[in-house]
Amino acid sequence: MLTTVSTTPDNSATAPIHQDLTERGLTPAEHYLNSGYPSMPALVAARREHGITMITPLLSDSSRQASTANGYSRDQFVIDYEARTATCPQGVTSAHWNPQVRDGIEKIHIAFPQRACWTCDAQPACTSSKARQRRITVYPREIHELQQSTRTAQNSTDWRRIYQRRAGIEGTMNQAANSIGLRKARYRGQKKVELEHYLGATAINISRLDAYLTHRPLDRINTSRLIRLHAATTN
């Protein structure tokens with residue numbers, strides 16, 4: 001069993017981990033993350049470079065339009081990457097398509113014609129900018145399509161059932177912090193701390209193997225009575 005615990009956000013943590021696992025021939029088919037870590041470029045890079053599917057809930061659109069009942073959120077715009085245009089819910093085609101790179105991340109800035117926005121009856125649901133012109137920003141095609149499919153999938157019952165495995169990861173982190181005491185290093189020096197982490201991970205694996213072989217729940221306080229009864233009768 002290989003246990004990797006990281007509190008570094010985003011692809012600054014996942015990319016080195018995936019690369020290290022690839023070099024050791026231990027690349028998993030899936031990598032489970034919580035909602036605080038993923039970025040769309042990181043999800044695409046994991047799939048493209050290492051063949052890893054990152055199972056993680058993506059944060060929903062937090063824009064004003066998405067939080068308004070009748071607002072026109074970005075997801076309601078049809079993006080045509082071949083024609084390099086976008087079409088709004090009112091059927092108006094964009095006037096500008098500007099690919100840009102900021103902080104190393106590729107994005108496409110799309111603007112709609114001002115005249116069409118000024119005379120549109122749906123303007124209050126679409127934009128509140130002083131220019132009264134709707135602009136949207138999207139990722140390149142591969143990232144955009146993965147974002148859309150992931151957001152659709154995470155609303156399904158099957159996806160929620162699969163993602164329940166994340167609870168085991170959270171349990172491992174809790175065990176590392178509270179049982180093994182890995183919140184603080186006992187020694188000085190990177191080599192000594194690294195050795196401490198290896199020993200801690202080994203201790204967690206042995207503890208979990210013992211719990212599995214003896215049918216003993218790892219945490220009896222948060223385990224339901226039914227599960228504790230089942231464990232007791234099968235021991």
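It should be noted that the structure appears before, not after, this text.
Residues numbered from 1 in each chain as written. Predicted model: local features only at pLDDT ≥ 70, side-chain atom pairs only at ≥ 80, totals over all residues. Heavy atoms only, no water.

**Some points on a nonpolar patch on the surface**
Rules: Exposure above 30% relative accessible area and the absence of a salt bridge qualify a residue for a patch, where like charges join within 9 Å and nonpolar side chains (Val, Leu, Ile, Met, Phe, Trp, Tyr) within 5 Å. With residues, only the protein chains shown are counted as cover, and all accessible areas are computed by Shrake-Rupley using a 1.4 Å probe. Every case where a carboxyl oxygen of Asp or Glu lies within 4 Å of a side-chain nitrogen of Lys or Arg is listed as a salt bridge. Numbered from the N terminus, helices here are DSSP runs of H or I no shorter than four residues, and strands are runs of E no shorter than two.
Judged by side-chain polarity, Leu195, Tyr198 and Leu199 come together as a nonpolar surface patch covering roughly 330 Å² of accessible area. The topology assignment puts Leu195 in helix 9 (residues 190-213).

**Looking at the state of the cysteines**
Stated precisely, the cut-off is as follows: When two cysteine sulfur atoms are found within 2.5 Å, that pair is recorded as a disulfide. Partly exposed residues are those whose accessible area sits between 20% and 50% of the maximum for their type, while under 20% is buried and over 50% is exposed, using a 1.4 Å probe and protein chains only.
Within the structure shown, the criterion is met by 0 disulfides. Here Cys117 is not disulfide-linked; the sulfur of Cys126 is the nearest cysteine sulfur, at 6.2 Å. Given the relative accessible area of 11%, Cys117 is considered buried. With no disulfide of its own, Cys120 lies closest to Cys88 among cysteine sulfurs, the gap being 6.2 Å. By relative accessible area, which is 24% here, Cys120 ends up partly exposed.

**Looking at the sheet that holds strand 7 (residues 135-138)**
Our working rule: Being paired, for any two strands, means DSSP has found at least two bridges between them. Interaxial angles span 0 to 180 degrees and are taken between N-to-C directions of axes, which are lines fitted to C-alpha atoms, for helices over the stretch in contact.
Taken together, 3 strands build an open sheet; the order of strands is 5-6-7 and the sheet is antiparallel. Of all strands in the sheet, those with a lone pairing partner are strand 5 (96-102) and strand 7, marking the two edges. Put simply, the sheet's adjacent strands are angled 25 degrees from each other on average, direction ignored. Pairing analysis gives 7 bridges linking strand 5 to strand 6 (residues 105-111), with the strands arranged antiparallel. From the neighbouring strand, Gln100 faces strand 6, where its bridge partner is Lys107.

**Some thoughts on the nonpolar core**
As a reminder, the rule being used: By nonpolar core we mean a set of buried residues, namely Ala, Val, Leu, Ile, Met, Phe, Trp, Tyr and Cys, connected to one another through side-chain atoms within 4.5 Å. Note on contacts: a residue pair is in contact if any heavy atoms of the two residues lie within 4.5 Å.
Counting residues in each nonpolar core, the largest one holds 15 residues, and the members touching the most others are Phe77, Ile79, Ile110, Phe112, Ile136 and Val138. Of all elements in the fold, only strand 6 and strand 7 reach the threshold of two or more residues within this core. Residues contacting Ile79, with those up to four places away along its chain left out, are Thr85, Ala86, Trp97, Ile110, Ile136, Val138 and His144. The next biggest cluster of nonpolar side chains, apart from the first, holds 11 residues, and it includes Met40, Met54, Ile143 and Leu146.

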